[in-house]
Amino acid sequence: MKTLSTLIKEKKFDWINVNIEKNFTATEVAKDTEYKLFNFDRYISSEDAIAEMKKDGWEPANISQLLSWKDWKDEWVVALGSVAKVGGNRDVPYLGRNDSERGLYLHWFGDDWDAIYRFLAVRTLSLEPQKSDTLNLGLLARVEKIEKILAHYNLNALGE
């Protein structure tokens, strides 16, 4: 598993909020993690953004998933799955660009997000949970697992 420091160095940021490495920790990212960028194109609260992602079967990305994501370009992309108390506020990390500088920033979880922000969401496609994913299987993986169990019992009920 890569450390948070390693993940940050790999992105080659021009600026990093000093509170990130002090307050956040890395988690293992499953190899078969699927990423989706949500654009709500309106002001939205963190809670509403998370609810919208979950309604579609996705979970908000954490900081390790955000930093492991390969498709970042110039968007302002938020990882609502990692929250830390910094200076009395609950903050979340996000990627952004100011002029030509790429940065890793923090923003208050309780504030509304402007329409320019995008939200990274994830789901793990494997049926077997990863160490860090035991309690966080994506909706698709849970449905596939249930279908497999039901198919098993239906075959046994028919004497096969």
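Remember, predicted model here, so these are calculated numbers, not experimental data.

**Topic: the confidence of the model for the protein**
Logical step 1: With 84% of its residues at a pLDDT of 70 or more, the protein has an overall mean of 88.
Logical step 2: Under a pLDDT of 50 for its full length, residues 130-137 has, in the predicted model, eight contacts with residues more than four places off or in other chains.

**With respect to the pairing of strand β6 (residues 89-98)**
Logical step 1: As paired strands, strand β4 (residues 76-78) and β6 are joined by two bridges and run antiparallel to one another. Within the sheet, the bridge partner assigned to Val77 lies in β6 and is Leu95.
Logical step 2: Strand direction decides the pairing type here: strand β5 (residues 84-86) and β6, joined by three bridges, are antiparallel. Looking at the pairing, Lys85 lines up with Arg90 of β6.

**Points about the pattern of salt bridges**
Logical step 1: Tallying each qualifying case throughout the model produces five salt bridges.
Logical step 2: Between Glu10 and Lys2 there is a salt bridge whose closest N-O contact spans 2.9 Å.
Logical step 3: Given the relative accessible area of 42%, Lys2 is considered partly exposed.
Logical step 4: For the salt bridge of Lys55 with Glu52, the shortest nitrogen-to-oxygen distance reads 3.4 Å. Taken together, the positions of Lys55 and Glu52, both in helix α3 (residues 46-55) and three residues apart, correspond to about one turn of that helix.
Logical step 5: Accessibility expressed as a relative area gives 26% for Glu52, which makes it partly exposed.

**Details of the packing of aromatic side chains**
Logical step 1: If you walk through the whole model with that rule in mind, you get twelve aromatic pairs.
Logical step 2: Note on Tyr94 and Trp113: the rings are 6.4 Å apart at their centroids and 80° apart in plane angle, and the pair reads as edge-to-face. You can see Tyr94 sitting in strand β6 and its partner Trp113 sitting in the loop between β7 (101-108) and β8 (117-124), a full 19 residues away along the chain. Considered together, Tyr94 and Trp113 belong to a single accessibility category, that of buried residues.
Logical step 3: Consider the rings of Trp113 and Tyr117, whose centres lie 4.9 Å apart with planes at 75°: the pair is edge-to-face.
Logical step 4: Using a relative accessible area of 11% as the deciding quantity, one classes Tyr117 as buried.

Cut-off values and rules
- Residues numbered from 1 in each chain as written.
- Predicted model: local features only at pLDDT ≥ 70, side-chain atom pairs only at ≥ 80, totals over all residues.
- Heavy atoms only, no water.
- pLDDT = per-residue confidence, 0-100.
- Contact = heavy atoms within 4.5 Å.
- Pairing = 2+ DSSP bridges.
- Helix = DSSP H or I, 4+ residues; strand = E, 2+ residues; numbered from the N terminus.
- Salt bridge = Lys/Arg side-chain N within 4 Å of Asp/Glu carboxyl O.
- Buried < 20%, exposed > 50% of the residue type's maximum accessible area, 1.4 Å probe, protein only.
- Phe/Tyr/Trp six-rings, centres within 6.5 Å; stacked < 30°, edge-to-face > 60°.

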